[in-house]
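Geometric and topological summary
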Amino acid sequence: MNLLKTPKGTLFRLFRETFVTTSEHYYCPHHGIHKVKAHNITKGIDEEIGEVAMYGAHPLSKETK
């Protein structure tokens, strides 16, 4: 998935967990990459996911929502 084209509220799977984005993408000057804030539905916690990890993410189809 392309992090820069992912709108807020996108539902996706990363590894064995399900996430929903809770923010638009932003640039993290400390790490030097783009990130997005997301809620991990599987674990029930909020996380920040970097653009490199998002290459392995799979969006869920509209029928799944």
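Above: the structure in question.
As the structure is a prediction and not an experimental result, all values here were calculated from the model.

Reading the values: the criteria
Residues numbered from 1 in each chain as written. Predicted model: local features only at pLDDT ≥ 70, side-chain atom pairs only at ≥ 80, totals over all residues. Heavy atoms only, no water. Helix = DSSP H or I, 4+ residues; strand = E, 2+ residues; numbered from the N terminus. Contact = heavy atoms within 4.5 Å. Buried < 20%, exposed > 50% of the residue type's maximum accessible area, 1.4 Å probe, protein only. Salt bridge = Lys/Arg side-chain N within 4 Å of Asp/Glu carboxyl O. Core = buried A, V, L, I, M, F, W, Y, C linked by side-chain atoms within 4.5 Å.

**Notes on the environment of C28**
Turning to its location among the elements, C28 is positioned in strand 3 (residues 26–28). Each residue touching C28, except ones within four places of it in the same chain, is listed here: I33 and K35.

**Section: unusual backbone geometry**
One non-glycine residue, F15, lies in positive phi territory at about 60 degrees. Judged by its relative accessible area of 74%, F15 falls in the exposed class.

**Observations concerning the pattern of salt bridges**
Taken as a whole and assessed by the stated rule, the structure comprises two salt bridges. With a closest N to O distance of 3.4 Å, E17 and K43 form a salt bridge. Residue E17 is found in strand 2 (residues 17–21), and its partner K43 is found in the loop between strand 4 (33–40) and strand 5 (45–50); the two are separated by 26 residues along the sequence. Salt-bridge contacts for E48 lead to K35; the nearest nitrogen and oxygen are separated by 3.8 Å. Of this pair, E48 sits in strand 5 while K35 sits in strand 4, and the two are 13 residues apart along the sequence. Relative accessible area serves as the criterion here: at 47%, E48 is assigned to the partly exposed category.

**Re the environment of V52**
With respect to the secondary-structure elements, V52 resides in helix 1 (residues 51–54). A relative accessible area of 58% places V52 in the exposed class. Considering only alpha carbons, one finds V52 and H25, 27 residues apart in sequence, at a separation of 13 Å.

**Remarks on the nonpolar core**
Listed in full, the 10 residues of the largest apolar core are M1, L3, F12, L14, F19, V36, A38, I49, M54 and A57. Beyond its immediate stretch of four places on either side in the chain, M1 contacts T6, T10, F12, M54, Y55, A57, H58 and P59.

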